[in-house]
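Each chain, letter by letter, is given below.
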Amino acid sequence: MLLDKTMIDLINHLQLKNNLLKLRKFQSEDIPIELAQDTNPEIMQYVRDILPEEEALNRAQSIAKKWSGLEDEWIGFSLRTLKEDRMMGMLSFKITSMEYAIVEIGYRIHPDFQNQGFVTAAASLLLNF
């Protein structure tokens, strides 16, 4: 099952913000920071094993592509500081079932930004959207 084209286009160009952060669709310019975080053992310890460099790059490039809106396809959003527009981490989202309105959200955030409410605020922004 597929979302309609208007919604897919809107999500692929999504930029949300509140008084704490910005949230926007992951882009190719985010890849270097993504690779640094994706290969950091402290950041990845509760997420998954660290991927080999080429596999991590392929994964990041895949996330930067346009989202098709298919069920079970992840879309990545860059979690960014409000003032400096610095990438803190990533919030990922997928629709598990359109029929039953089930979604899954995952996240990863640099330790410098943990326990400050950024992930909760980003998830709220996305869910309210």
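Our subject is the structure that appears above.
The structure displayed is predicted, hence computed values, not measured ones.

Further remarks concern the pattern of salt bridges. Enumeration over the complete set of coordinates arrives at 12 salt bridges. Among the ionic pairs, aspartate 85 bridges to lysine 22, the shortest N-O distance being 3.7 Å. Linking aspartate 85 in the loop between strand S3 (75-81) and strand S4 (87-97) with lysine 22 in strand S2 (residues 21-25), this pair joins segments that are 63 residues apart in sequence. Residue classification places aspartate 85 among the partly exposed residues on the basis of a relative accessible area of 31%. Here aspartate 30 ties to arginine 80 by a salt bridge, and the two come within 3.0 Å at their closest N and O atoms. Here aspartate 30 is found in the loop between S2 and helix H2 (31-38), whereas its partner arginine 80 is found in strand S3, with 50 residues between them in sequence. As far as burial versus exposure is concerned, aspartate 30 and arginine 80 are alike and both buried.

Rules of the game
Residues numbered from 1 in each chain as written. Predicted model: local features only at pLDDT ≥ 70, side-chain atom pairs only at ≥ 80, totals over all residues. Heavy atoms only, no water. Salt bridge = Lys/Arg side-chain N within 4 Å of Asp/Glu carboxyl O. Helix = DSSP H or I, 4+ residues; strand = E, 2+ residues; numbered from the N terminus. Buried < 20%, exposed > 50% of the residue type's maximum accessible area, 1.4 Å probe, protein only.

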